[in-house]
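Residue-level structure breakdown
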Amino acid sequence: MLKRLCKRMFGKSIWVYHCNTGACNGCDIEILNILTPFYDVERFGIKLVASPRHADAMLISGAVTRPTLPLVKRAYEAIPNPKLVFAIGSCATGGGAWFDTYNVTGGADKVLPVNYYIPGCPPRPEAILYGVALALGMVDKQAAPVELKQMEFPIDMYERNEAWEKRNVIYELLK
């Protein structure tokens, strides 16, 4: 539903406002990297603007700190409706390594309603570009198949089967 709404509301372009709420600048460098000619996001209609009043979406990087909390709220309120919020990086998604420190209020979702999360420390430019393009409906959501391989643990210690007997022969010899 959100994908359809975004496609209808934002059409072919989206203007984004970047807000650093206390990041280490790793995510900021990657956000600025997608603006370079190598990635050239303007061909997709994604443009970085300097004022939240001109933006359709907000890119938040960094854990929200106490000093930046009122400024982030004010910037969010300045963006006209309808608006999207993207949490870029581990710090913005959940507070990162500083989630429980005295000066950090947590991730962006503790302060604002976040629509899309782009994890990573820092996330690759391709991931940021894919997340914004996914929000606009330019690409389909893709999930890689997960193949779980049980190397040695966890083993059900209460089930003595043939595999358990073969692996634990050494313990029988030591008795």
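What this report covers is the structure whose coordinates are included nearby.

Criteria and thresholds
- Residues numbered from 1 in each chain as written.
- Predicted model: local features only at pLDDT ≥ 70, side-chain atom pairs only at ≥ 80, totals over all residues.
- Heavy atoms only, no water.
- Buried < 20%, exposed > 50% of the residue type's maximum accessible area, 1.4 Å probe, protein only.
- Helix = DSSP H or I, 4+ residues; strand = E, 2+ residues; numbered from the N terminus.
- Pairing = 2+ DSSP bridges.
- Axes fitted to C-alpha atoms, helices over the stretch in contact; angles between N-to-C directions.
- Contact = heavy atoms within 4.5 Å.
- Arc of directions from axis to C-beta.
- 1 Å grid on protein atoms, 1.4 Å probe; cavity = no way out; pocket = protein on both sides within 12 Å on 5 of 7 lines; lining within 4 Å.
- Points joined across faces, edges and corners; volume = space filled by probe spheres on them.
- Nonpolar A, V, L, I, M, F, W, Y, C, P; charged D, E, K, R; others polar.

With five of five residues buried, strand β3 (residues 57–61) lies mostly within the body of the structure. With burial as the criterion, each face of β3 is covered, one bearing Ala57, Leu59 and Ser61 and the other bearing Met58 and Ile60. The pairing of strand β1 (residues 14–20) with β3 spans five bridges and is classified as parallel. Paired with His18 across the strands is Leu59, a residue of β3.

Here the focus is the sheet that holds β1. A sheet is described by the order of its strands in space; here five strands give the open sequence β2-β1-β3-β5-β7, paired in parallel fashion. Only two strands of the sheet have a single neighbouring strand rather than two, namely β2 (46–49) and β7 (116–118). Each strand of the sheet is rotated relative to its neighbour by a mean of 30 degrees, with strand direction disregarded. Bridging between strand β5 (residues 84–88) and β7 involves three bridges; their strand directions are parallel. Pairing of Ile88 across the sheet is with Ile118, part of β7. Along the sheet, helix α2 (residues 26–33) contacts β1, β2, β3 and β5; its crossing angle with β3, the most-contacted strand, is approximately 140 degrees.

Right, let's get into helix α3 (residues 69–78). Of all the residues in α3, the buried ones are Val72, Ala75, Tyr76 and Ala78. The arc enclosing the buried residues of α3, seen along the axis, measures out at 160 degrees, which places them on a common side. Projecting away from the buried face of α3 at angles above 90 degrees are the exposed residues Arg74 and Glu77. At its buried positions, α3 is contacted by β1, β3 and β5.

On to empty space enclosed by the protein, then. Within this structure, the stated rule accounts for two cavities of 30 Å³ or more. Val16, Ile31, Ile34, Leu35, Val41, Ile46, Lys47, Leu48, Leu59, Ile128, Leu129 and Val132 are the residues that line the largest cavity. Only β2 and α5 (125–136) provide two or more residues apiece to the lining of the largest cavity. Residues that form the lining of the largest cavity fall into these classes: eleven nonpolar, no polar and one charged. If you add up the space inside the second largest cavity, you get close to 60 Å³. As for the second largest cavity, its lining consists of Ala23, Cys24, Cys27, Gly62, Gly89, Ser90, Cys91, Gly120 and Cys121.

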